[in-house]
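So the chains spell out like this:
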Amino acid sequence: MKSSPLRHGLPLLLALGMAACKPTATPTPAAPAAAPTPAAAPAATAHVPRTERLQAFLQTRYGKQARLSESWSGQADGNAVQSEVCAEQPVVVGDQIQELLAVCHRLSDGGHANPGLIDFLILRDAGQGLAVVAEKLGDGFGSDGDPGAVDILRLGSDFYGFLVYSSWVGQGTVLESQDLVLPGPKGLVNAGSVRQHIDNHGALDCSDDGRDPQQTAAQCQAQLFDVDFELDVDDSDRAARVWPVTIEERGISCGKKLGTTQVFAFDATRWAYPFPDSMQREACE
């Protein structure tokens, strides 16, 4: 019996059909492209502490021997001196931080009539260092080559300056002074001087030496002066650009008892506090 052509061809047809129905393989997705390496961030500038910047400034200005916290030997205005930082303070002026700095120079061989010297500087931040905004160098104060002492004083909403305390003693008389050195439109200037204390105790001989004690006491009181001048800042108007100052006189002035207070507004025309000559006296009024 002959086989049917359809029977012989059936396996082939089934094979072809199965091949046609076989699912297509899912293509493998391409690997994502590598993310670009971000650029390295610039290295942050290292912060230099304020004291280190001050130390660097001092050594640049006065030599490697200069120190922020101790004295050093050097030269100032052609004189051999012992120098030290006698005042320093950061302050805010407008939108800027400034550094007020005073360097005192005591003359190594200063005579009684020789004042000491002070350098006044106002500095500002200049990146890694400090730059000079204003300076007043070699200003003379005091006696015996000793310039005295310096304070930083706030005198307005953002107005600061230097207050110098110095003294002179001679022939039994003591004269102590207060001097203001302030920043002005053209730099640092001397902006007012007033006594801090005067007395002549050492110049008077009040012993009776056999004389009438009452007469001796009366004579001494008639010649004695012992007066303090207390300077204070009137900051009652905190927003004012420059504040007034008050000077209180108290003590004894040749038999007259003192207890007065005067107020002095800053004179922007003269760029000074208008202290009267009487507050710079060397004896009784």
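Placed above this text is the structure.
Residues numbered from 1 in each chain as written. Predicted model: local features only at pLDDT ≥ 70, side-chain atom pairs only at ≥ 80, totals over all residues. Heavy atoms only, no water.

## Details of the nonpolar core
Stage number 1. Core analysis: the biggest nonpolar cluster contains 26 residues, and Leu155, Leu180, Leu182, Ile247, Tyr273 and Phe275 have the highest contact counts within it.
Stage number 2. Elements with a contribution of two residues or more to this core: β6 (149-156), β7 (159-170), β8 (173-184), β9 (187-199), β10 (225-233), β11 (245-253) and β12 (256-264).
Stage number 3. Among the elements that take part in this core, β10 stands out by supplying five residues, more than any other.
Stage number 4. Residues contacting leucine 180, with those up to four places away along its chain left out, are Leu153, Leu155, Phe162, Leu163, Val189, Asn190, Ala191, Gly192, Tyr273 and Phe275.
Stage number 5. One finds Ile152, Tyr160, Phe162 and Val181 within the second-largest nonpolar core, a separate group that totals 17 residues. (Core = buried A, V, L, I, M, F, W, Y, C linked by side-chain atoms within 4.5 Å. Buried < 20%, exposed > 50% of the residue type's maximum accessible area, 1.4 Å probe, protein only. Helix = DSSP H or I, 4+ residues; strand = E, 2+ residues; numbered from the N terminus. Contact = heavy atoms within 4.5 Å.)

## Some details on the state of the cysteines
Stage number 1. Scanning the model with the defined rule gives two disulfides in all.
Stage number 2. Between the sulfur atoms of cysteine 86 and its disulfide mate cysteine 104 the distance is 2.0 Å. Taking the sign of the S-S torsion, 85° for the link of cysteine 86 and cysteine 104, the bridge is right-handed. Taken as a pair, cysteine 86 in strand β2 (residues 79-93) and cysteine 104 in strand β3 (residues 96-107) lie far apart in primary sequence, 18 residues in all. (Disulfide = S-S within 2.5 Å.)

## A few points about unusual backbone geometry
Stage number 1. Positive phi, normally seen in glycine, also occurs at aspartate 77, with a value near 55°.
Stage number 2. Following the sequence through the fold, aspartate 77 ends up in the loop between β1 (72-76) and β2.

## Comments concerning the sheet that holds β1
Stage number 1. With antiparallel pairing, five strands are arranged side by side in an open sheet as β1-β2-β3-β4-β5. Looking at which strands have only one partner, the edges of the open sheet turn out to be β1 and β5 (129-141). In this sheet, adjacent strand axes meet at a mean angle of 35° when their direction is disregarded.
Stage number 2. Relative to β3, β2 runs antiparallel, the two sharing 12 bridges. The partner of valine 92 across the bridge, within β3, is isoleucine 97. (Pairing = 2+ DSSP bridges. Axes fitted to C-alpha atoms, helices over the stretch in contact; angles between N-to-C directions.)

## Topic: the side chain of serine 166
Stage number 1. Mapped onto the secondary structure, serine 166 falls in strand β7.
Stage number 2. Those residues in contact with serine 166 that lie beyond four places of it in its chain are Phe141, Gly142, Pro147, Gly148, Leu175, Glu176, Ser177 and Asp179.

## Here we look at the pattern of salt bridges
Stage number 1. Evaluation of the coordinates by the stated rule reveals 12 salt bridges.
Stage number 2. The shortest N-O distance in the salt bridge between arginine 241 and aspartate 158 comes to 3.5 Å. Of this pair, arginine 241 sits in the loop between β10 and β11 while aspartate 158 sits in the loop between β6 and β7, and the two are 83 residues apart along the sequence.
Stage number 3. Of the charged contacts in the structure, one is a salt bridge between aspartate 235 and arginine 238, with a shortest N-O distance of 2.7 Å.
Stage number 4. You can call arginine 238 partly exposed: its relative accessible area is 45%.
Stage number 5. Here the salt bridges do not stand alone but share partners, grouping Arg50, Glu88 and Glu99 into one network. (Salt bridge = Lys/Arg side-chain N within 4 Å of Asp/Glu carboxyl O.)

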